Amino acid sequence: VELAANAAAQNLGCSRKRRDGPHGLPYVEAREFSAIADIEDDNSVDAGMLAQALRRDVSTDAMELHYQPQLDAASGEVVGVEALVRWRHADGSLMFPDEFLPIVERSGLMPALTNNVLRMALSTSADWHRAGFDLTMSVNVSASDLRSADFVTRVSDALADHDVAPDRLILELT
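Presented here is a report on the structure given in the accompanying data block. (Residues numbered from 1 in each chain as written. Predicted model: local features only at pLDDT ≥ 70, side-chain atom pairs only at ≥ 80, totals over all residues. Heavy atoms only, no water.)

## Describing helix 6 (residues 151-161)
Stage number 1. Those residues of helix 6 that sit buried are Phe151, Arg154, Val155, Ala158 and Leu159. Projected down its long axis, helix 6 carries its buried residues within an arc of 135°, all on one side. Every exposed residue of helix 6 that faces more than 90 degrees away from the buried side is listed here: Val152, Ala160 and Asp161.
Stage number 2. The inward-facing, buried residues of helix 6 contact helix 4 (110-130), strand 6 (136-141), helix 5 (143-147) and strand 7 (169-173).
Stage number 3. Just downstream of helix 6 lies aspartate 163, where phi reads positive at about 55°. (Buried < 20%, exposed > 50% of the residue type's maximum accessible area, 1.4 Å probe, protein only. Helix = DSSP H or I, 4+ residues; strand = E, 2+ residues; numbered from the N terminus. Arc of directions from axis to C-beta. Contact = heavy atoms within 4.5 Å.)

## As for the packing of aromatic side chains
Where two aromatic rings form a pair, the distance of their centres and the angle of their planes describe that pair.
Stage number 1. This model, assessed by the stated rule, comprises two aromatic pairs.
Stage number 2. Relative to phenylalanine 100, the ring of tryptophan 87 lies with its centre 5.9 Å away and its plane at 70°, an arrangement referred to as edge-to-face. Placement of the pair is tryptophan 87 in strand 4 (residues 78-88) and phenylalanine 100 in helix 3 (residues 97-106), with a sequence separation of 13 residues. (Phe/Tyr/Trp six-rings, centres within 6.5 Å; stacked < 30°, edge-to-face > 60°.)

## A few points about the pattern of salt bridges
Stage number 1. Under the defined criterion, the tally for this structure stands at six salt bridges.
Stage number 2. Between aspartate 57 and arginine 56 there is a salt bridge, with the nearest N and O atoms lying 2.9 Å from each other.
Stage number 3. Among the residues examined, aspartate 57 registers a relative accessible area of 8% and is labelled buried.
Stage number 4. For the salt bridge of aspartate 127 with arginine 130, the shortest nitrogen-to-oxygen distance reads 2.4 Å. Of this pair, aspartate 127 and arginine 130 both sit in helix 4, three residues apart, which is roughly one turn of that helix. (Salt bridge = Lys/Arg side-chain N within 4 Å of Asp/Glu carboxyl O.)

Listed below in structure tokens is the structure:
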């Protein structure tokens, strides 16, 4: 329940502090609310600056994953997690997907971001599996990912690279 409460707070736009939760699984705790930048205008200076910074950061560890637990409704047991991407901007602020994903899409950076998210999520999944946690890992993908001719190969390669069984990965179209 504590995991779910903290994950729910994450969806409300809070920045996080990571720590160990029940059963040794990491979770995040709400600290403060972030301001959401206006990035809808393609001509805005902010959008241009963000696009340039995203080109630099989209394939790096500046992209962070936060994990929202998925609970079995009957038992309350954590049966999986959803990987939620956040961007740690150079100024130290934590940016949420609604602040940067439109720019990622418009800039053609979605394949690079998806590859990075998949690899980080599957690395974590493999670590948790080795530690004895049998959890599914859900990863959001965009329609542009599905249109990519090499998407299936990229997913298969990431699964193989991290020795994660395909049935442990759930792809969610967003």
